[in-house]
Amino acid sequence: MARDFRFSVNVFGIPSRAALQERCRRAESAGFHTVFAPDHLGAPAPFPVLQAAADATEHLRVGTLVLNAPFWNPALLAREAASLDILTDGRFELGLGSGHMKWEFDAAGIEWEGFAARARRLEETITELRRFFSSDMAALPGGRAPLPVQRTGFDGSGPPLIVGGTGDRVLTIAGRYADVIGVAGVYQVKGEPPGTLRIGTAAETDERVRFAREAAGERAAQVEWHLLVQAVVPTDDRRAAAAELISRSGAAMTVDEALETPFVLIGTPAQMAEQLRATRERYGFSYVTVHEPYYEAFEPVVELLRS
């Protein structure tokens, strides 16, 4: 049976505490389930943003989409995550990825490694977090190590775990450990510098979801499948809007491909809602996130799908 939809927004900036919290209250009122914060050098620090979001709302969940695992020491990350889970009364979701923007590593003075090494670091971080989230860690000197409120992720030792990506290695890790699997909608352009990305097609998504389901094995029916929408384009003329989007972005797609990809929503709210229903049926995606610039355009779609 198809899961019920969950909706979320990925916060990019914090013009002020009041502005952030007002946006979060509006999201909660509009029926969004989660506010996510990314982990990029050009964005605010994720954990303070999520704490402020939780403080302003009653039920809204908060999460990272996604933390760059090579940027974090697992012991210190466990402390941050457990503390936030406690202070949000168990509303935290921990998203992890392997990192893909080389310039961020360079700017931070962190060694840029090949994809295999970054994927290995992601898996090591997950297994170390599981250890730090276990009750045994409460016996650390001082006896005050924080432990998560939630015990649904990390094999019952921590908050829900989200893992997202496109490559075989990361999707294999997601299949092995994640409660929520995200099949990312952007791909590295071959032959271009790391971080040069393009939007994936529906056919590529078919293949990647199939691979991730095989990696998850018997877990595939239990995990939640996450979709990160890259653009929301309200219009009464879908083909014209798709052509304009391709021209403006330089995307190497046909109009038909732009209309079929699950990572772009184009049309009236009713058409977008129908597209998401079809996407859920085709791929299993039920946890849908939009980037903050598209939040207001997506609100009517949330209202339609909630009702």
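See the structure shown above.
Report on the accompanying structure.

Rules and cut-offs
- Residues numbered from 1 in each chain as written.
- Predicted model: local features only at pLDDT ≥ 70, side-chain atom pairs only at ≥ 80, totals over all residues.
- Heavy atoms only, no water.
- 1 Å grid on protein atoms, 1.4 Å probe; cavity = no way out; pocket = protein on both sides within 12 Å on 5 of 7 lines; lining within 4 Å.
- Points joined across faces, edges and corners; volume = space filled by probe spheres on them.
- Nonpolar A, V, L, I, M, F, W, Y, C, P; charged D, E, K, R; others polar.
- Axes fitted to C-alpha atoms, helices over the stretch in contact; angles between N-to-C directions.
- Helix = DSSP H or I, 4+ residues; strand = E, 2+ residues; numbered from the N terminus.
- Parallel < 35°, antiparallel > 145°, perpendicular 65-115°, else oblique.
- Left-handed = near helix turned anticlockwise from the far one by under 90°.
- Contact = heavy atoms within 4.5 Å.
- Polar contact = N/O pair within 3.5 Å; in protein donor to acceptor, adjacent residues only side chain to side chain.
- Core = buried A, V, L, I, M, F, W, Y, C linked by side-chain atoms within 4.5 Å.
- Buried < 20%, exposed > 50% of the residue type's maximum accessible area, 1.4 Å probe, protein only.
- Phe/Tyr/Trp six-rings, centres within 6.5 Å; stacked < 30°, edge-to-face > 60°.
- Lys NZ or Arg CZ within 6 Å of the ring centre and 35° of its normal.
- Salt bridge = Lys/Arg side-chain N within 4 Å of Asp/Glu carboxyl O.

1. Section: the layout of surface pockets
Within this model, the second largest pocket holds a volume of roughly 200 Å³. Counted by class, the lining of the second largest pocket contains six nonpolar, two polar and four charged residues.

2. Things to note about the packing of helix α5 (residues 115–133) against helix α6 (residues 168–177)
Where α5 meets α6, the axes come as close as 9 Å, and the angle between the chain directions of the two elements is 15 degrees. Considering their axes alone, α5 and α6 lie roughly parallel with respect to each other. Along this stretch, α5 crosses α6, giving a crossing that reads as right-handed. Here Phe115, Ala116, Ala119, Leu122, Glu123, Ile126, Thr127 and Arg130 of α5 come into contact with α6, specifically with Arg169, Val170, Ile173, Arg176 and Tyr177. Grouping the amino acids of the contact of α5 with α6 by side-chain chemistry returns eight nonpolar, one polar and four charged.

3. Describing the side chain of Gln275
Mapped onto the elements of the fold, Gln275 is located in helix α10 (residues 269–283). Of note is the side chain of Gln275, whose polar atom sits 3.3 Å from the backbone oxygen of Thr261.

4. As for the nonpolar core
Where a protein is soluble and globular, its nonpolar side chains tend to be buried together. In this structure, Phe32, Leu96, Ile126, Leu276 and Phe298 are the most contacted members of the largest nonpolar core, which totals 71 residues. Among all residues touching Ile126, those that are not within four sequence positions of it are Leu96, Phe154, Leu161, Val163, Ile173 and Tyr177. Listed in part, the 11 residues of the second largest apolar core include Ala231, Val255, Val264 and Ile266.

5. Topic: the side chain of Asn10
You can see Asn10 is positioned in strand β1 (residues 6–10). Apart from the residues lying within four places of it in its own chain, the contact partners of Asn10 are Phe36, Ala37, Pro38, Leu65, Thr289, Val290, His291 and Glu292.

6. A closer look at empty space enclosed by the protein
Per the counting criterion, the structure on display carries two cavities of 30 Å³ or more. Here the largest cavity is characterised by a volume of approximately 40 Å³. Every residue along the wall of the largest cavity is listed here: Val11, Phe12, Gly13, Ile14, Ala37, Pro38, Ala43, Pro44 and Val49. Split into classes, the residues belonging to the lining of the largest cavity amount to eight nonpolar, one polar and no charged. Within this model, the second largest cavity holds a volume of roughly 30 Å³.

7. Describing the packing of aromatic side chains
Evaluation of the coordinates by the stated rule reveals 11 aromatic pairs. The interplanar angle of 80 degrees and the centroid separation of 5.2 Å between the aromatic rings of Phe133 and Phe154 together place this pair among those described as edge-to-face. Taken together, the residues span a long stretch of sequence, with Phe133 in helix α5 and Phe154 in the loop between α5 and β6 (161–165) at a distance of 21 residues. On the basis of relative accessibility, which here comes to 0%, the residue Phe133 falls in the buried class. Taken together through their ring pairs, the aromatic side chains of Phe5, Phe7, Phe32, Tyr295 and Phe298 make up a single cluster. The residue whose ring lies beneath Arg118 is Trp112, and the NZ or CZ to ring-centre distance is 4.1 Å.

8. Brief notes about the pattern of salt bridges
Under the definition given, this model contains 20 salt bridges. Linking Arg208 and Asp168 is a salt bridge whose minimum nitrogen-to-oxygen distance equals 2.8 Å. Here Arg208, found in helix α7 (residues 202–216), pairs with Asp168, found in helix α6; they are 40 residues apart in sequence, far enough to count as distant. Since its relative accessible area comes to 40%, Asp168 is described here as partly exposed. Note that Asp206 is salt-bridged to Arg282, the shortest N-O span being 2.6 Å. With Asp206 in helix α7 and Arg282 in helix α10, this pair connects stretches of sequence that are 76 residues apart. Its relative accessible area of 25% is what places Asp206 among the partly exposed residues. Given a relative accessible area of 40%, Arg282 falls into the partly exposed group. Salt bridges here are not isolated pairs; linked through shared partners, they connect Arg23, Arg26, Glu292, Glu296 and Glu299.

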